[in-house]
Amino acid sequence: MFSKPALDMRRVSHAEAYSLGGIHANLAESYFSRLRRMIGGQNLKVDGRHLGAYAIHAAWLEDHRLENNGRLADRLIDGALAAPVSRDWKGQWQRRAA
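A few points on the structure. Because the structure is a prediction, the values reported are computed rather than measured.

The rules behind the values
- Residues numbered from 1 in each chain as written.
- Predicted model: local features only at pLDDT ≥ 70, side-chain atom pairs only at ≥ 80, totals over all residues.
- Heavy atoms only, no water.
- Helix = DSSP H or I, 4+ residues; strand = E, 2+ residues; numbered from the N terminus.
- Buried < 20%, exposed > 50% of the residue type's maximum accessible area, 1.4 Å probe, protein only.
- Contact = heavy atoms within 4.5 Å.
- Patch = residues over 30% accessible without salt bridge, like charges linked within 9 Å, V, L, I, M, F, W, Y side chains within 5 Å.
- Areas by Shrake-Rupley, 256 points an atom, 1.4 Å probe, with all protein chains shown as cover.
- Salt bridge = Lys/Arg side-chain N within 4 Å of Asp/Glu carboxyl O.
- Expected span 1.5 Å × (residues − 1).
- Polar contact = N/O pair within 3.5 Å; in protein donor to acceptor, adjacent residues only side chain to side chain.
- Core = buried A, V, L, I, M, F, W, Y, C linked by side-chain atoms within 4.5 Å.
- Axes fitted to C-alpha atoms, helices over the stretch in contact; angles between N-to-C directions.
- Left-handed = near helix turned anticlockwise from the far one by under 90°.

1. Details of the overall build of the chain
The secondary structure content of the chain amounts to three helices and zero strands. Listing the helices and strands of the chain from first to last along the sequence gives α-α-α. The proportion of buried residues among the 98 residues of the chain is 13%. In the chain, once contacts between residues fewer than 6 apart in sequence are set aside, the share between residues at least 24 apart is 34%.

Written out as structure tokens, the structure reads:
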């Protein structure tokens, strides 16, 4: 379902330089900033066992933030209709284990 991008694990010591040959941490810092704002702004409490799902959702939003709302709504509806019942999220809105 999710493809894993090729990761470039070169590092920059910020004690030496902010950016070195185009390598920097801005994208990671932007992602984590958006994730923190999403969790704090949309959710009152995040259960640790669901943190991965929140992180995946934040990554999806980051990747598709430039698409128009109509296209995003179509993707949402298509994905919801094609997905099976989630064993992890079933009964979550009722605040009880399913």
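Still more ground to cover, so stick around.
2. Considerations on a nonpolar patch on the surface
The grouping of Leu 76, Ile 77 and Leu 81 at the surface amounts to a nonpolar patch, some 360 Å² of accessible area in total. Examined against the element boundaries, Leu 81 turns out to sit in helix H3 (residues 69-82).

3. Focus on H3
With 14 residues, H3 extends 20 Å from end C-alpha to end C-alpha; this agrees with the ideal 20 Å at 1.5 Å per step. Two to three positions downstream of the cap, the backbone nitrogen of Gly 70 sits 3.2 Å from a side-chain oxygen, assigning the N-cap of H3 to Asn 68.

4. Focus: the nonpolar core
Of all hydrophobic cores here, the largest spans six residues; its members are Tyr 31, Leu 35, Met 38, Ile 39, Tyr 54 and Ala 58. Elements represented by at least two residues in this core include exactly helix H1 (26-42) and helix H2 (51-63). For this core, the element with the most residues is H1, which contributes four residues. Once residues within four sequence positions are removed from consideration, Ala 58 is found in contact with Tyr 31, Leu 35 and Met 38.

5. Digging into the pattern of salt bridges
This model, assessed by the stated rule, comprises three salt bridges. The partner of Arg 65 in a salt bridge is Glu 62, and the shortest N-O contact between them spans 3.3 Å. For Arg 65, a relative accessible area of 46% corresponds to the partly exposed category. Ionic pairing is found between Arg 75 and Glu 67, a salt bridge with its closest N-O pair at 3.5 Å. Relative accessible area serves as the criterion here: at 25%, Glu 67 is assigned to the partly exposed category. Through salt bridges with shared partners, one network takes in Arg 34, Glu 62 and Arg 65.

6. Regarding the packing of H1 against H2
Contact pair H1 / H2: the axes reach a minimum separation of 10 Å and the direction vectors enclose 120 degrees. The interaxial crossing formed by H1 with H2 has right-handed handedness. Here Ser 30, Tyr 31, Arg 34, Leu 35, Met 38 and Ile 39 of H1 lie close against H2, whose contacting residues are Leu 51, Tyr 54, Ala 55, Ile 56, His 57, Ala 58, Ala 59, Leu 61 and Glu 62.

7. With respect to the environment of Ile 39
Looking at where Ile 39 falls in the secondary structure, it is placed in helix H1. Along the sequence, Ile 39 and Ala 58 sit 19 residues apart, while their C-alpha atoms lie 9.2 Å from each other. The residues touching Ile 39, leaving out its near neighbours within four places in the chain, are Val 46 and Leu 51.

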